[in-house]
Amino acid sequence: MSDNHFTVAIIGAGPAGSTVSMGLSKHKIRHVLIDKARFPRDKICGDALSGKVVYALNRVKPDVVNQIATASAAFLPSWGISFIAPNGKRLDVPFTIDKQSQKQAPGFIATRTDFDALMVENTSSEYCTLIEGVSVKHTQVESDKATLQFTDGRQVTANVVVDCSGAHSQLAKSLGIERELDHYCAGLRQYYKNVSGLSDEGYIELHFINDVLPGYFWIFPMTDNRVNVGIGMLSSSVSKHKVNLKEELERIITSHPEISKRFEKAEALEKVKGWGLPLGSKRRKISSDRLILCGDAASLIDPFTGEGIGNAMISSKYAVDAIVEAVNKNDYSAQVLTQYDTDVYHHLGPELSMSHQLQKMVKYPWLFNFVANKGRKSAEFKGLLTAMFENVNLRKKFRDPRFYFRLLFNK
Ligand SMILES: Cc1cc2nc3c(=O)[nH]c(=O)nc-3n(C[C@H](O)[C@H](O)[C@H](O)COP(=O)(O)OP(=O)(O)OC[C@H]3O[C@@H](n4cnc5c(N)ncnc54)[C@H](O)[C@@H]3O)c2cc1C
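Residues numbered from 1 in each chain as written. Predicted model: local features only at pLDDT ≥ 70, side-chain atom pairs only at ≥ 80, totals over all residues. Heavy atoms only, no water.

**Topic: the overall build of the protein**
Consideration 1: Scanning the protein for helices and strands turns up 14 helices and 19 strands.
Consideration 2: Its C-alpha atoms give the protein a radius of gyration of 21 Å, near enough to 22 Å, the size a compact globule of 411 residues would have.
Consideration 3: Its C-alpha atoms put the protein at 65 × 50 × 45 Å along the principal axes.
Consideration 4: Here the protein holds 411 residues, and the buried ones make up 57% of them.
Consideration 5: Relative to all contacts within the protein whose residues are 6 or more apart in sequence, the contacts with residues 24 or more apart total 73%.
Consideration 6: When the accessible area of the protein is evaluated, it comes to approximately 18,500 Å², of which 50% is carbon and sulfur surface.
Consideration 7: Counting 52 positive and 44 negative side-chain charges, the protein places the averaged centre of each group 5 Å from the other. (Helix = DSSP H or I, 4+ residues; strand = E, 2+ residues; numbered from the N terminus. Rg over C-alpha atoms; globule rule 2.2 N^0.38 Å. Buried < 20%, exposed > 50% of the residue type's maximum accessible area, 1.4 Å probe, protein only. Contact = heavy atoms within 4.5 Å. Areas by Shrake-Rupley, 256 points an atom, 1.4 Å probe, with all protein chains shown as cover. Lys, Arg positive; Asp, Glu negative; His and termini not counted. Charge placed at Lys NZ, Arg CZ, Asp CG, Glu CD.)

**Comments concerning the pairing of strand β11 (residues 155–163)**
Every regular strand shows the same layout, with side chains that alternate between the two sheet faces.
Consideration 1: When you tally the buried positions in β11, you get eight out of nine residues, the bulk of the element.
Consideration 2: Here strand β1 (residues 5–11) runs beside β11; their pairing, made up of six bridges, is parallel. Pairing of isoleucine 11 across the sheet is with aspartate 163, part of β11.
Consideration 3: Two strands pair when backbone bridges link them, and strand β10 (residues 146–150) and β11 are joined in this way by four bridges, in the antiparallel orientation. Bridge pairing in β11 links threonine 147 to threonine 157.
Consideration 4: Of the pairings in the sheet, the one linking β11 to strand β19 (residues 291–293) comprises three bridges and is parallel in character. Along β19, the bridge assignment pairs valine 162 with isoleucine 292. (Pairing = 2+ DSSP bridges.)

**As for the side chain of histidine 207**
Consideration 1: Its location among the elements puts histidine 207 in strand β13 (residues 204–207).
Consideration 2: Here the side chain of histidine 207 touches glutamate 205 through a polar contact of 2.8 Å, side chain to side chain.
Consideration 3: Histidine 207 has contacts with Ile84, Tyr216, Phe217, Ile219, Ile259 and Arg262, leaving out every residue within four places of it along the chain. (Polar contact = N/O pair within 3.5 Å; in protein donor to acceptor, adjacent residues only side chain to side chain.)

**Notes on the packing of aromatic side chains**
Consideration 1: Considering all chains together, one arrives at seven aromatic pairs under this definition.
Consideration 2: Centre to centre, the rings of tyrosine 192 and phenylalanine 263 are 5.1 Å apart; their planes meet at 85°, and the pair counts as edge-to-face. Here phenylalanine 263 lies in the loop between α8 (259–262) and β16 (267–268) and tyrosine 192 lies in strand β12 (residues 184–193), a separation of 71 residues in the sequence. The exposure classification of tyrosine 192 matches that of phenylalanine 263, with both residues buried. (Phe/Tyr/Trp six-rings, centres within 6.5 Å; stacked < 30°, edge-to-face > 60°.)

**Focus on helix α1 (residues 15–26)**
For an α-helix, the turn length of 3.6 residues means that residues three or four places apart are oriented alike.
Consideration 1: The terminal C-alpha atoms of α1, which comprises twelve residues, lie 17 Å apart, in line with the 16 Å expected from a rise of 1.5 Å per residue.
Consideration 2: Counting buried positions along α1 yields eleven of twelve residues, so the element is predominantly enclosed.
Consideration 3: Buried within α1 are the following residues: Pro15, Ala16, Gly17, Ser18, Thr19, Val20, Ser21, Met22, Gly23, Leu24 and Ser25.
Consideration 4: Lysine 28, located one to two residues past α1, shows a positive phi value of around 60°. (Expected span 1.5 Å × (residues − 1).)

Printed below as a string of structure tokens:
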């Protein structure tokens, strides 16, 4: 077999691509991992690494979790989330009920420059050939192989391609995935330092503000007194209400009655930057002959929280499972790889559809105000919200009108 033929070719070394690579190395499967950037590189993001990221890493390479937990200059431990309702009431929900028994925080916040570089470092293995700084220009899938052409004129072939190239994936289009405004979110990010009023326990803050519903403004604390500030809104709402998100972000920071006070001594560390979020609010076909899509290329971002890194890494785990099966059978056809679609939607589907329902409910500020008020007053309800973070079946209660009835009447 020639030097430029691999069992697997992975396009993109973000969280999805690097996780696939680590999984393939574990199974001793020879692969090439290609990224157009050289690491470390930036990726526009909220930078919140949820418990799902830790869960996925513990399955593929637990040592990375230790590396994160000990890299305290870059990774800020996060113990919970604060929801700020449209009426300004704040509801703090810890990520875990039993903090004392936890060795480390359930989540972390770190720049994607640091996190993605750490992930790529951990792909290093005798089974992985890493090619950085070169873009895959074209991918041709034939009956016996896939051929990838690079912008520098080189090419490689592989038995199967895993496309982890993110929100602007070209191969996703070949499977009929287009940018649909109802299933896509626009997001802006700006790093600041010296923002006041941050939580001592690294709580991330989601502010639901009337003028940006359905969507939210966020403040995520980071190491070195920095914060990740941003705003995200469903693209169909941006378009329908002709919202200028950049102006909204500036307006909140400079004029919102509570938030602006916290920015009085703050200093912007960069200009506002934007990127798209392909949401998992619609089921798509995410594999075909010799091709699997992972992460943002497969549109798997949580439609309520905007969390995409954990889902990307979970999809990578199932991609590796499907590839191991295909290698064993020496069959890379759509019939074999379709198990990947089944696994991804079996595990992420219920949660994605739940989050889609929650996203729709955010349109009703009174409902949000009501839940926040109740949560502030009732320790029992707060405990339930925390349990809901840990258990998707409990989250289904949010969809059930009887849940609100019981809350209303304290049943
Ligand atoms: C404003 C904003 C805020 C967000 N906040 C959060 C958050 O707080 N927490 C969270 O979990 N998620 C968040 N997300 C979502 C998260 O950023 C994505 O879900 C995540 O990055 C998906 O990982 P990925 O590996 O699929 O794609 P990416 O991270 O986009 O990686 C794709 C990689 O592919 C490479 N690439 C692209 N094209 C090619 C090519 N042709 N050839 C070679 N290489 C290529 C790129 O250079 C890149 O390295 C946010 C997104 C946005 C836009």
